[in-house]
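# Commentary on secondary and tertiary structure
Spelled out, the chains give:
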Amino acid sequence: LMPDGLPQVQLVIWGMLLAATPTTAYAVMMPIKYAKAQFYIPLGPEFDADRLVLITLSMIVIGVVGLFIWDGVFPDRRDVRTLGVLPVPTHRFVIARLAAIGRVYVLFATPLCLFQSVVFGMTVSGFGGPVGRINGIAAHLAAVTMASAFVFSALIAAQCLLLVVFGGRAAQAASMTFQILFAVGL
């Protein structure tokens, strides 16, 4: 929705690439590891361990993205001042905000999950994995996308629960404590 070249657009693009870097780099390093290990140990357990590491890293990265957009979930004064005078029901504002948050998830989860799934699926099938390339890529993509969606949705649900249970001002006060606890949990 913004013209190219704006700092916000560049920030989002570089943020997406930065978020995808740890998992993609880990997946790219796997052929070196498997090439050395294939003569000494069975690779099946190594595939499963690395798949678990990739899924966990993806969950951590998407959780950090959720923590960065934490304040975007709560309506602020600017929203009330700008949108409050329009004859639009409140539930539509909430739906629009949740749709925007879902868009942020899609923007960050796509490179995060897609790159590593392609690289890891091709690597595992190349070293004799039990599943073919296409099925392996699709299965890993589904698993990592759903795991990331779970973490992101849990974070957004916790924010909404804070808002509903404690109210606006108390939720803002409690949000810093919750952010710290969630960051430590990640």
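Just so it is clear, the model here is predicted, and its values are computed rather than measured.

So, on to the packing of helix α2 (residues 43-68) against helix α5 (residues 133-166). Angle between the axes and distance between the axes are the two parameters that describe a pair of packed helices. Between α2 and α5, the least distance of the axes is 9 Å, while the angle of their chain directions is 30°. The hand of the α2/α5 crossing is right-handed. Packed against α2, whose contacting residues are Arg51, Leu54, Ile55, Ser58, Met59, Ile62, Gly63, Gly66 and Leu67, the element α5 presents His140, Ala143, Val144, Ala147, Ser148, Val151, Phe152, Leu155 and Gln159 at the interface. Residues of the contact of α2 with α5, tallied by class, amount to 11 nonpolar, 6 polar and 1 charged.

What follows concerns the environment of Val65. Inspection of the secondary structure assignment puts Val65 in helix α2. Look at Val65 and you get buried, because its relative accessible area is 8%. Val65 sits 50 residues away from Gly15 along the chain, and the two C-alpha atoms are 9.0 Å apart. When near neighbours in sequence (up to four residues on either side) are disregarded, Val65 contacts Val104 and Phe108.

Further remarks concern the nonpolar core. In this structure, Ile62, Tyr105, Phe108 and Phe152 are the most contacted members of the largest nonpolar core, which totals 24 residues. For this core, the secondary structure elements donating two or more residues are α1 (7-37), α2, α4 (90-126), α5 and α6 (168-185). Per-element tally for this core: the top contributor is α5, with 8 residues. When near neighbours in sequence (up to four residues on either side) are disregarded, Phe108 contacts Val12, Gly15, Met16, Ala19, Ile62 and Val65. Ala27, Tyr34, Leu43 and Val124 belong to the second-largest nonpolar core, a separate cluster that totals 9 residues.

Once that is clear, we can look at a nonpolar patch on the surface. A surface patch of nonpolar side chains, amounting to about 660 Å² of accessible area, comprises Ile13, Trp14, Leu17, Leu114, Phe115, Val118 and Met122. Elements with a contribution of two residues or more to the nonpolar patch: α1 and α4. The leading source of residues in the nonpolar patch is α4, at 4 residues. Relative to the assigned elements, Leu114 resides in helix α4.

A few words on the packing of aromatic side chains. Under the definition given, this model contains 2 aromatic pairs. For the ring pair Tyr34 and Phe47, a centre distance of 5.0 Å and an interplane angle of 85° mean the geometry is edge-to-face. With Tyr34 in helix α1 and Phe47 in helix α2, the pair connects residues that are 13 residues apart, well separated along the chain. With a relative accessible area of 0%, Tyr34 lands in the buried category. Judged by its relative accessible area of 4%, Phe47 is buried.

Conventions adopted
- Residues numbered from 1 in each chain as written.
- Predicted model: local features only at pLDDT ≥ 70, side-chain atom pairs only at ≥ 80, totals over all residues.
- Heavy atoms only, no water.
- Axes fitted to C-alpha atoms, helices over the stretch in contact; angles between N-to-C directions.
- Helix = DSSP H or I, 4+ residues; strand = E, 2+ residues; numbered from the N terminus.
- Left-handed = near helix turned anticlockwise from the far one by under 90°.
- Contact = heavy atoms within 4.5 Å.
- Nonpolar A, V, L, I, M, F, W, Y, C, P; charged D, E, K, R; others polar.
- Buried < 20%, exposed > 50% of the residue type's maximum accessible area, 1.4 Å probe, protein only.
- Core = buried A, V, L, I, M, F, W, Y, C linked by side-chain atoms within 4.5 Å.
- Patch = residues over 30% accessible without salt bridge, like charges linked within 9 Å, V, L, I, M, F, W, Y side chains within 5 Å.
- Areas by Shrake-Rupley, 256 points an atom, 1.4 Å probe, with all protein chains shown as cover.
- Salt bridge = Lys/Arg side-chain N within 4 Å of Asp/Glu carboxyl O.
- Phe/Tyr/Trp six-rings, centres within 6.5 Å; stacked < 30°, edge-to-face > 60°.

Coordinates in, geometry out; function isn't part of it.
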